[in-house]
Amino acid sequence: MLKNEDYLSGFKMFLMALIPMSVIALLVIALPYAFSHSTLYVTPAIFLAIISFLMFLRSKYFWLFRDYKKFDQISTVFIWIIFISVIPILGSVALLIVLVNRKSLYSLIWVLSVIIVFIFGIKIKINGKLPTTQFILIWNHCSDVDDVMNPIIMGRRPWKVIFAKEIKRIPFVGNFLNYIGIPINRGEMRSKANVAKQVTNFLEKEKGNILVFPEGRRLLVEKKEELLMSFQNGAFHWSMEYDIPIVPVVVSWTFLFKPRSGQWWFSPRTIVINYLEPTKIQEGESVEDFSCRVRSLMLEKLKAGLKERRKYWLI
């Protein structure tokens, strides 16, 4: 993982140069041909070229359209057109590859997440890095976009996420969660026991890493000023029982991708990922105190991030 740098900045700079050049070349070639030979294949090609060029203009690097609401509304419509048409195809191909080669799973979902992030105009800033040893990762859950961010935050190492069972209803997301997720029914003791059994198997036998949203649910937009809800203690019990460190991760601003009341469009934003230092339970410390200590560290980091709103286009 990169440290204190723009995430995938080189990749995005490459796209910034490649996309407009390719689109302009395509338009120069295709438009004259289209006027004289309108066919079933030419029209979609021009349409996709225009959408691609619009996506380039919408990029957070293109400051001219930074505060232009109408442009964000138009581009959001095209974003969903691309998302609905491209992601199912890419997801189906990825699932087929996984069935043939299971080892490619984490790299493939990482690539898919990067593509989705780019489509939605999300820029990522990273501070810190993950440890090379086994860990249990926790981070603040404040947006629907978090599910897309999970593979990027965890990287291409073996991991599983504890998730609410109802999320499996989401197309393609549910398919991948069969491989990388451990479902739980909130409030059911039998379900919690089953989760604990699967976690034990994954941590001890497969030596993988676990991702947990300790709040247990997404922070509601109308309560976003709270920044962080109270924690459940499951991850902290596992950390103590298996002597595996907790890695707290504070992700700022993802809640801004959830439309506010009356707003359905998305604007380019920057998400800041802060990897905090790995930590274990201290001598004489209870699990509850351990949980409260880590929560306080995360809350302090979130509050510090509020001062950087203007820096990351979060006005």
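Residues numbered from 1 in each chain as written. Predicted model: local features only at pLDDT ≥ 70, side-chain atom pairs only at ≥ 80, totals over all residues. Heavy atoms only, no water.

(A) The arrangement of the nonpolar core in detail. In this structure, Leu137, Ile210 and Ile273 are the most contacted members of the largest nonpolar core, which totals 74 residues. Element by element, the count of residues in this core is highest for helix H4 (residues 105-119), at ten residues. Contacts of isoleucine 210, omitting those with residues within four sequence positions, involve Phe135, Ile136, Leu137, Met154, Lys160, Ile162, Ile182, Val199, Phe202, Leu203 and Trp238. (Core = buried A, V, L, I, M, F, W, Y, C linked by side-chain atoms within 4.5 Å. Buried < 20%, exposed > 50% of the residue type's maximum accessible area, 1.4 Å probe, protein only. Helix = DSSP H or I, 4+ residues; strand = E, 2+ residues; numbered from the N terminus. Contact = heavy atoms within 4.5 Å.)

(B) Structural view of the environment of serine 75. Of note, serine 75 is situated in helix H3 (residues 69-100). Serine 75 gets classed as buried once you look at its relative accessible area, which sits at 0%. Between the C-alpha atoms of serine 75 and phenylalanine 120, which are 45 residues apart in sequence, the distance is 9.7 Å.

(C) Here's a closer look at the pattern of salt bridges. Under the counting rule described, the total for this entry stands at two salt bridges. Linking aspartate 243 and lysine 280 is a salt bridge whose minimum nitrogen-to-oxygen distance equals 3.1 Å. Placement of the pair is aspartate 243 in the loop between helix H8 (234-242) and strand E7 (246-252) and lysine 280 in the loop between strand E8 (269-275) and helix H9 (287-305), with a sequence separation of 37 residues. Assessed through its relative accessible area of 54%, aspartate 243 is described here as exposed. Among the salt bridges present, the one from arginine 293 reaches glutamate 285, with a minimum N-O distance of 2.9 Å. (Salt bridge = Lys/Arg side-chain N within 4 Å of Asp/Glu carboxyl O.)

(D) Highlighting the packing of H4 against helix H5 (residues 146-154). Two elements in contact, H4 and H5, have axes separated by 8 Å at closest approach and are oriented at 125 degrees. In terms of their interaxial angle, H4 and H5 are classed as oblique. Two packed elements cross with a definite hand, and for H4 against H5 that hand is left-handed. On the side of H4, the interface is formed by Ile109, Trp110, Ser113, Val114, Ile116 and Val117, while H5 contributes Val148, Met149, Pro151 and Ile152. Looking at the contact of H4 with H5 residue by residue, the classes come out as nine nonpolar, one polar and no charged. (Axes fitted to C-alpha atoms, helices over the stretch in contact; angles between N-to-C directions. Parallel < 35°, antiparallel > 145°, perpendicular 65-115°, else oblique. Left-handed = near helix turned anticlockwise from the far one by under 90°. Nonpolar A, V, L, I, M, F, W, Y, C, P; charged D, E, K, R; others polar.)

(E) Quick look at the packing of aromatic side chains. Inspection of the entire model under this criterion finds four aromatic pairs. Considering the side-chain rings of tyrosine 106 and tryptophan 159, the 6.3 Å spacing of their centres and the 50 degrees angle between planes classify their relative orientation as tilted. Note that tyrosine 106 is positioned in helix H4 and tryptophan 159 in strand E4 (residues 159-164), a separation of 53 residues in sequence. According to the relative accessible area criterion, tyrosine 106 is buried, its value standing at 13%. An aromatic cluster is present here, built from Phe231, Phe236 and Phe290 joined pairwise through their rings. (Phe/Tyr/Trp six-rings, centres within 6.5 Å; stacked < 30°, edge-to-face > 60°.)

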